[in-house]
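# Reading the structure
Chain by chain, the residues:
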Amino acid sequence: MSAVDRIADPWGTRTPYARHAAWPRRVDTCLSGGTDAASVERWVQTASILQSNGDAMDIAVRDGRMVGVRGRPDDRVNRGRLDPKDLFGWQANASPDRLTTPLIRHGARLTECDWDTAMNEVVSRSHTLLDERGPGALGFYTSGQLFLEEYYTLAVLARAGVGTNHLDGNTRLCTSTAAEALKESFGCDGQPGSYDDIDHADVIALFGHNPAETQPVLWMRMLDRLEGDGPPRLVCVDPRPTVPARRATVHLAPRVGTNVALLNALLHETIRTGRVDEAFVAHRTVGFDDLAATVAPCTPKWAADICDVPAARIGEAAEVLGSAECLLSTVLQGFYQSHQATAAAVQVNNLHLLRGMLGRPGAGVLQMNGQPTAQNTRECGADGDLPGFRNWQNDQHVHELARLWNVTPDSIPHYAPPTHAMQMFRYAEQGSIRMLWISGTNPAVSLPELSRIREILSGEELFVVVQDLFLTETAQLADVVLPAATWGEKTGTFTNADRTVHLSEKAVEPPGGARPDLDIFLDYAVRMDFRDKDGAPLIGWTDAESAFEAWKRCSAGRPCDYTGLTHAELRDRSGVQWPCTQDAPDGTDRLYSDGFPGAHPDTCQSYGKDLVTGGSMDEPAYRAANPHGRAMLKGAEYLPSHEPTTDRYPLQLTTGRTLYHFHTRTKSARSPQLNAAAADVWVEVSHQDAAARGLEEGDLAEVASPRGTVRARVRVTDIRPGLLFLPFHFGYWDEPGGHRPTDPARGRAANETTVTDWDPVSKQPLYKVAAATLTLVGKSTGTHAAAPTNTASAPARPHRVPATEGGPAALVDEAIEPCANTGRGGAR
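Every chain's residues receive numbers from 1 upward, in the order its sequence appears when written. The model is predicted, so local features are restricted to residues of pLDDT at least 70 and side-chain atom pairs to those at 80 or more, both for listing and for counting; the totals for chains, interfaces and linings are taken over all residues. To get the side-chain values, take all heavy atoms of the structure and skip hydrogens and water.

Moving on: the overall build of the chain. Looking only at helices and strands, one finds 26 helices and 29 strands in the chain. Relative to a compact globule of 828 residues, whose C-alpha radius of gyration would be 28 Å, the chain shows 25 Å and is just as compact. For the chain, the spread of C-alpha atoms along the principal axes amounts to about 70 × 65 × 60 Å. Burial classes: relative accessible area under 20% of the type maximum marks a residue as buried, over 50% as exposed, and values in between as partly exposed (1.4 Å probe, protein chains only). Counting over 828 residues, the chain shows a buried share of 67%. Under this rule, positive means Lys or Arg and negative means Asp or Glu; His and the chain ends count for nothing. A charge is said to be at NZ when it belongs to Lys, at CZ for Arg, at CG for Asp and at CD for Glu. Across the chain, the 81 positively charged side chains and the 103 negatively charged ones have centroids separated by 3 Å. Only DSSP runs of H or I reaching four residues or more are called helices, and only runs of E reaching two or more are called strands; each is numbered from the N terminus. For the radius of gyration, the atom set is restricted to C-alpha positions; the globular benchmark scales as 2.2 Å times the number of residues to the power 0.38.

This is the structure:
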């Protein structure tokens, strides 16, 4: 066993392998100080909760406490590997500031109370609003951190119990574009590809996806292919100099907001050079002529002027993509959170459809997720759709749910699309939503234009319930706070970005009076006395296993069919991809090997939308355009961004993640190692823009947009000129006083500056495109930005920073053993 500092070396040691070979095992382990494998009393299976990869792991338990984790070498997703957030993030569970008792507001203060008092207040307010204003007065805003069983329970009680259309998740912020892009191309959600496609692809294209930081174990797999025989060629589209970009055969760094123009040029070249699989397109798709007409004028030279990328470089990328034998593409926030988000993501699907690159090893597309259970919010109906990928416009689908829940169809709201999160907050702002129940998320840091969000959540007419682990910035504004149990303290399932289902078992007891989210939702349903049409309890399950069985009945016959799975089955196996049925008991590696059944008019999850306006199609139009259920080629013209630069705001601003943190740092910052690796906000600026403003590494600068300001230390990088980058993780809970300073010039959260705008199709907020300015506040006195030096935040060559000063080297806490990689054999 060799110890590796997994903060300084986040991807660990290499295990190279050749194309078409199996990815070798490598078991990563991290145990607390004074603990070795022999002293561990129990290993309890689970999977990662701090990214969407779904890394399978075991929790080490001793004396009723978590004392470490290790990877599961037999799991198809990670083959024993863990990333830094996996290895260190579990420490947050034992943080001394965990919420352990409910809180209720009395005037300006939150005071402790018992569960009956807290729940009675929530139920009383619910009944009053239902009686006086109807179900539209209640809204539910959930997370990508809960379990499948919890989302499904929430969906049933919200839609059939309360009868509200206002249910959405913070997955709206990170993966709603993935869902919409899949529905637009294939009629249904669900990833066509598999992580195993990395083993077989000869070209891997990363569109707005930085796996080295967002899914580090996925990047480990790509790195091992790159180091083995027959390595793939990489095409990387990202405006920042990410680690994958530095390894790319072709790196395109377009001006943010121009992704559609770039993809249209790549499609233009694919058609012009005769790289279209004509038989596949003719027999398995509709819409080619319209797509070809849309991209006909979109030459590389045309796109070069818009994207500020050399036309020759676009041609090189088109040649690599067009000559691939097996092309795997991944897409994430660089497309999803940018201008024309769904339109851009759909063009990636189009590239695969034109080339016939679907349904076979190495040929697939992964419209990636940003959270560990984002897929479950979409499947279960907690994120803008009806449960089981059902179509709210299809009366037959609504009647299926009504029969399943034994309610009348009219009791399930389907008069309009399920309300998306951004509209829910607008309704709260306007006063039509009077109660908002927020579970497992922190919108007071994660939503755009934070001054507006704080004002909404603080409004006297809005009753706010927050269900969480800690007293977050959002919880501080709540009327009732409910302490929740988390991963490792409860049992449930969750599904990753390539449809792999894992079981997470309860390892330890939650602290104090904290309760699992499932128990809280079931308690609410009982206290509200929700009934079916025969007078029986609406929700008949009582624990996670019976909730899973209820979900299986909902999923039966739908594209996301779980009927071949049980908790016991998942306990014996480390991960299974849905659909898993009697006909496919081992799960399904890839979708669309034999056609596109989810696109049939009777089955499809959506009848589609206009990619430019977001306007919905109806059933007759969809049947006329796609009567036999084929994949859909849908083009979109490029439109300029809604917020161009100006003389006052001459720079573009984009936001994003860093490797060592997750979302608003409620868990990751409570790990000493992760927090030390990226302890405070920074702003990345090109050396050209820094020099023009008299800025150097470590200077304190102010980033301002038309909405707000952030002060941050400068990191001079090789980012494209004209662009600034802020990590969005940093809020105020760990600042003095625990909340945002009253001085507006002291902003720390990137979302003080972002715009209230969203994609017309997916309704995903646009965090990647804003106009900004950058000014010097104070010169550095030898202080460097607290940004990692081994990621996309690496200093530009003339401005190298010692790793021990500005980055994560040597930042392992002495209380935790250095994380180990145990060889290729990986014995557990």
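Pairing between strands is defined by DSSP: at least two bridges between them are needed. In space, the 3 strands of this open sheet follow the order S19-S20-S21, with antiparallel pairing throughout. Only two strands of the sheet have a single partner each, and these edge strands are strand S19 (492-495) and strand S21 (576-577). Examined bridge by bridge, S19 and strand S20 (residues 500-504) share 4 bridges and lie antiparallel to one another. Pairing of Phe 494 across the sheet is with His 502, part of S20.

Aromatic rings from Phe, Tyr and Trp, with only the six-membered ring used for Trp, were paired whenever their centres fell within 6.5 Å, and each pair was classed as stacked if the ring planes differed by under 30 degrees, edge-to-face if by over 60, and tilted otherwise. Within the structure shown, the criterion is met by 17 aromatic pairs. Here Tyr 141 and Phe 425 contribute two aromatic rings whose centre-to-centre distance is 5.5 Å and whose plane-to-plane angle is 85 degrees, an arrangement assigned as edge-to-face. Here Tyr 141 is found in strand S8 (residues 138-142), whereas its partner Phe 425 is found in helix H17 (residues 421-430), with 284 residues between them in sequence. A ring pair is formed by Trp 437 and Phe 521, whose centres lie 6.1 Å apart and whose planes are at 55 degrees; its orientation type is tilted. Placement of the pair is Trp 437 in strand S16 (residues 435-439) and Phe 521 in helix H20 (residues 517-528), with a sequence separation of 84 residues.

In protein structure, a disulfide is the covalent linkage between the sulfur atoms of two cysteines. Two cysteine sulfurs form a disulfide in these notes if their separation is within 2.5 Å. The full count for this structure, using the stated rule, is 0 disulfides. Considering cysteine sulfurs only, Cys 307 is the nearest to Cys 236, which forms no disulfide, with 15 Å between them.

The next thing to look at is the packing of helix H2 (residues 115-132) against H20. Where H2 meets H20, the axes come as close as 10 Å, and the angle between the chain directions of the two elements is 55 degrees. In terms of orientation, H2 and H20 fall into the oblique class. Between H2 and H20 lies a crossing of right-handed hand. The segment H2 lies against H20, with Trp 115, Asp 116, Met 119, Asn 120, Val 122, Val 123, Ser 126, His 127 and Leu 130 engaging Ile 520, Asp 523, Tyr 524, Arg 527 and Met 528. Its residues assigned to classes, the contact of H2 with H20 comprises 8 nonpolar, 3 polar and 3 charged. Inter-axis angles, ranging from 0 to 180 degrees, are taken between N-to-C directions of lines fitted to C-alpha atoms, where helices are fitted over the stretch in contact. An angle counts as roughly parallel when it lies under 35 degrees, as roughly antiparallel when it exceeds 145, as roughly perpendicular when it falls between 65 and 115, and as oblique in every other case. By convention, the crossing between two helices is left-handed when the near helix turns anticlockwise from the far helix through less than a right angle, and right-handed when the turn is clockwise. Contacts are residue-level and defined by heavy atoms, with any inter-residue pair within 4.5 Å sufficient. All residues other than Ala, Val, Leu, Ile, Met, Phe, Trp, Tyr, Cys, Pro, Asp, Glu, Lys and Arg, Gly among them, are scored as polar; the first ten of these are nonpolar and the last four charged.

Another point: the pattern of salt bridges. Whenever Lys or Arg places a side-chain nitrogen within 4 Å of a carboxyl oxygen from Asp or Glu, that contact is recorded as a salt bridge. As enumerated under the stated definition, the model contains 55 salt bridges in all. In this structure, the salt-bridge partner of Arg 76 is Asp 498, at a minimum N-O distance of 2.8 Å. In this pair, Arg 76 is assigned in the loop between strand S5 (65-71) and helix H1 (84-89) and Asp 498 in the loop between S19 and S20, connecting sequence segments 422 residues apart. Among the residues examined, Arg 76 registers a relative accessible area of 16% and is labelled buried. Put simply, Lys 609 and Glu 180 hold a salt bridge, and the shortest N to O gap is 3.7 Å. Here Lys 609 is found in the loop between S21 and helix H23 (619-625), whereas its partner Glu 180 is found in helix H4 (residues 176-186), with 429 residues between them in sequence. On the accessibility criterion, Lys 609 (16% relative accessible area) is buried. Each of the salt bridges in this network shares a partner with another, and the network as a whole consists of Arg 76, Asp 196, Asp 199, Arg 221 and Asp 498.

With that out of the way, let us pick up the nonpolar core. One recurring pattern in soluble globular proteins: nonpolar side chains tend to sit buried together. Joining through side-chain atoms within 4.5 Å is the link that ties buried Ala, Val, Leu, Ile, Met, Phe, Trp, Tyr and Cys residues into a set, and such a set is a nonpolar core. Counting 112 residues, the largest nonpolar core has Phe 207, Trp 219, Leu 321, Phe 335 and Phe 596 as its most contacted members. It is helix H14 (residues 341-355) that contributes the most residues to this core, 8 residues altogether. Apart from residues no more than four positions distant in its own chain, Phe 596 is found in contact with Phe 186, Phe 280, Arg 284, Leu 353, Leu 358, Gly 629, Arg 630 and Ala 631. Counting 67 residues, the second-largest nonpolar core is a separate cluster that includes Leu 138, Val 407, Phe 521 and Cys 580.

To continue, consider the pairing of strand S23 (residues 651-656). Regular strands show a simple pattern: their side chains alternate between the two faces of the sheet. The buried count for S23 comes to 6 of 6 residues, which makes it a mostly enclosed element. Burial along S23 is two-sided: Leu 651, Leu 653 and Thr 655 facing one way and Gln 652, Thr 654 and Gly 656 facing the other are all buried. Taken together, the 3 bridges between S23 and strand S28 (residues 770-778) define a ladder with antiparallel strand orientation. From the neighbouring strand, Gln 652 faces S28, where its bridge partner is Ala 771. In the sheet, S23 pairs with strand S27 (residues 723-727) via 5 bridges, with the strands oriented parallel. Bridge pairing in S27 links Thr 655 to Leu 726.

Before going further, it helps to spend a moment on the confidence of the model for the chain. Where the model shows low pLDDT, its predicted coordinates should not be examined in detail. In this model, the chain carries a mean pLDDT of 94, and residues with pLDDT of at least 70 account for 95%. Each residue carries a pLDDT score, the predictor's own confidence in it, on a scale running from 0 to 100. Long-range and interchain partners of residues 803-817, a stretch whose pLDDT sits below 50, account for 54 contacts in this model, where long-range means more than four residues apart. When the criterion is pLDDT under 50, residues 822-828 qualifies, and its contacts beyond four places in sequence or with other chains add up to 20 contacts.

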